[in-house]
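# Breakdown of the fold
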Amino acid sequence: ATIMLFVSVVVLCFGVVGNIVDGVEVESTQGVVHLPSMKEKCPLSPMFFDENTRHPARPLRFMRWVHAPKTGTSFMNLGIHYVCDPPDDFGLKSYQDFSDVYDEFYNKPPYCANTKFKLVAAGHTPFFRVEWKRGGAVMMIRDPRERHFSGFMNHGTIGTPIHPSDLHEYVQMYRGCQMRMILGMECHYDRLTMEAGVIPIKFNPSWKEIETALSMIRDEKIFPFIGVTNAWTESICLFHAMFGSKITSKETHNNRPRERSTDFKVSGWKTIMVEEDPFDALLYNEARRIFILRLIEYGIKVPSSLSEQEHEFDNKKLRKVISDMMLQY
């Protein structure tokens, strides 16, 4: 498989390892649904057990993880287990970064030494325009209010130029973060970028850019997989229903919880108005719609968390808010 290298990029490049020969499973289960783990870990609907109606799994030969900040670093566990053959209980530790995992685990035998699958992992790099034609992008998308609140509490030092002390000012600085990543624009800023004098600017997209991002996540060639963080287990189950392989114990767990969040009310994200980031709210709405449809198609029960009113936005209202904002660009 081809390895694409970028500065601070997460790219998973695959060539099929497993196969079915004369009805016998060989080496791996990529492209083959692993029924025991699906039955054990997933909320399955009757459709899952009807092979005449359930969509068949297929191997994902190339995967590019588009990882917006605060949308689930633990998704890395799925990537490693899909690529390689580590012990079932192997998982990203709370103190580890992508590069730690690559150096400590992936770049050494025995688990990945002979695999045709290749993994390059580091950072929150945008999905660059030159990558769009190749496609193969996978992404977990989060309610923007939750994502902003988590970022405000856990990323960087509050009160610096890249981390305002006011929550709502912080939201405006990083509004449209997930949409930016899809369009190939930076969203993540850290101490090094601040020292270099790079300060985030407000995201002021055109309607063409907005519609481009929405159409990209609808296109299975560009984005074969979209999950949502507030239905994490169902997202992991959907991935395996679509692309096969066994669900391992670490994939459904949060391996990097942030301690600072425990000092604040869990519902603090609700103080953020949807209208403060209508771009990512519109994106989340579309991701949620796509996700629900695929859950149904692949026989996974739709969780109640996705039917809750607090995670459903009015698209007409969001578009009106965006139109009004555009008058002030």
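Bear in mind that the values here come from a model prediction, so they are computed numbers and not experimental data.

## What to know about the side chain of Glu 234
Among the structural elements, Glu 234 can be located in helix 9 (residues 232-243). If near-sequence neighbours (up to four positions away) are discounted, Glu 234 is found in contact with Pro 43, Phe 291, Leu 295, Ile 300, Lys 301 and Pro 303.

## Looking at the environment of Glu 169
Mapped onto the fold, Glu 169 is located in helix 5 (residues 167-174). The class for Glu 169 is partly exposed, based on a relative accessible area of 46%. Separated by 107 residues in sequence, Glu 169 and Glu 276 have C-alpha atoms that sit 9.7 Å apart.

## As for the pattern of salt bridges
Following the criterion strictly, the structure yields twelve salt bridges and no others. A salt bridge links Lys 41 to Glu 40; its shortest N-O distance comes to 3.8 Å. Residues participating in the shared-partner salt-bridge network are Arg 58, Glu 220 and Arg 294.

## Comments concerning helix 10 (residues 278-297)
Taking 1.5 Å per residue, 20 residues should reach 28 Å; helix 10 reaches 29 Å between its end C-alpha atoms and fits that length. The element helix 10 is extensively covered by neighbouring structure, given that 15 of its 20 residues are classed as buried. Remark: Gly 299 follows helix 10 within two positions and exhibits a positive phi of approximately 80°.

## A few points about the environment of Lys 39
Relative to the assigned elements, Lys 39 resides in helix 1 (residues 35-41). For the pair Lys 39 and Cys 237, spaced 198 residues apart in sequence, the C-alpha separation works out to 9.9 Å.

## Brief notes about the packing of aromatic side chains
Scanning the entire structure with this criterion turns up twelve aromatic pairs. For the pair Phe 203 and Phe 279, a centre-to-centre distance of 5.5 Å together with 80° between the ring planes defines the contact as edge-to-face. Remark: Phe 279 occurs in helix 10 and Phe 203 occurs in the loop between helix 7 (191-195) and helix 8 (207-218); sequence separation between them is 76 residues. On the basis of relative accessibility, which here comes to 0%, the residue Phe 279 falls in the buried class. With a centroid separation of 5.4 Å and an interplanar angle of 85°, the aromatic rings of Phe 225 and Phe 239 are classed as edge-to-face. Of the two residues, Phe 225 sits in strand 7 (residues 225-228) while Phe 239 sits in helix 9, which places them 14 residues apart along the sequence. For Phe 239, a relative accessible area of 0% translates into the label buried. Taken together, the ring pairs in this structure connect Trp 65, Phe 75, Tyr 82, Phe 225, Phe 239 and Phe 243 into an aromatic cluster. One residue, Arg 54, lies across the ring of Phe 48, its end atom 4.5 Å from the ring centre.

## Brief notes about empty space enclosed by the protein
A full pass over the atoms with the stated rule returns one cavity of 30 Å³ or more. For the largest cavity, the calculated volume is near 30 Å³. As for the largest cavity, its lining consists of Pro 144, Arg 145, His 148, Ile 272, Met 273, Val 274, Asp 277, Ala 281 and Phe 313. Examining the composition of the lining of the largest cavity, we find that three residues originate from one element, helix 4 (residues 144-154), more than from any other. Of the residues contributing to the lining of the largest cavity, the split by class is six nonpolar, one polar and two charged.

## Quick look at the pairing of strand 7
Of the two faces of strand 7, the one holding Phe 225 and Gly 227 and the one holding Ile 226 and Val 228 are both buried throughout. As paired elements, strand 6 (residues 137-141) and strand 7 share four bridges and run parallel to each other. Of the residues in strand 7, the one forming a bridge with Met 139 is Ile 226.

## What about the confidence of the model for the protein chain?
For the protein chain, per-residue confidence averages 81 on the pLDDT scale, and 75% of positions sit at 70 or higher. Within the protein chain, strand 2 (residues 19-21) has the poorest average pLDDT of any element, 31, and helix 8 the best, 98. The model gives residues 1-27 a pLDDT under 50, and that stretch makes 80 contacts with residues more than four places away or in other chains.

## Considerations on the pairing of strand 4 (residues 62-65)
Neither face of strand 4 is left uncovered, since the one carrying Phe 62 and Arg 64 and the one carrying Met 63 and Trp 65 both have all their residues buried. For strand 4 and strand 6, the ladder comprises two bridges, and the chain directions are parallel. Looking at the pairing, Arg 64 lines up with Ala 137 of strand 6.

Here is what the cut-offs are and how they apply
Residues numbered from 1 in each chain as written. Predicted model: local features only at pLDDT ≥ 70, side-chain atom pairs only at ≥ 80, totals over all residues. Heavy atoms only, no water. Helix = DSSP H or I, 4+ residues; strand = E, 2+ residues; numbered from the N terminus. Contact = heavy atoms within 4.5 Å. Buried < 20%, exposed > 50% of the residue type's maximum accessible area, 1.4 Å probe, protein only. Salt bridge = Lys/Arg side-chain N within 4 Å of Asp/Glu carboxyl O. Expected span 1.5 Å × (residues − 1). Phe/Tyr/Trp six-rings, centres within 6.5 Å; stacked < 30°, edge-to-face > 60°. Lys NZ or Arg CZ within 6 Å of the ring centre and 35° of its normal. 1 Å grid on protein atoms, 1.4 Å probe; cavity = no way out; pocket = protein on both sides within 12 Å on 5 of 7 lines; lining within 4 Å. Points joined across faces, edges and corners; volume = space filled by probe spheres on them. Nonpolar A, V, L, I, M, F, W, Y, C, P; charged D, E, K, R; others polar. Pairing = 2+ DSSP bridges. pLDDT = per-residue confidence, 0-100.

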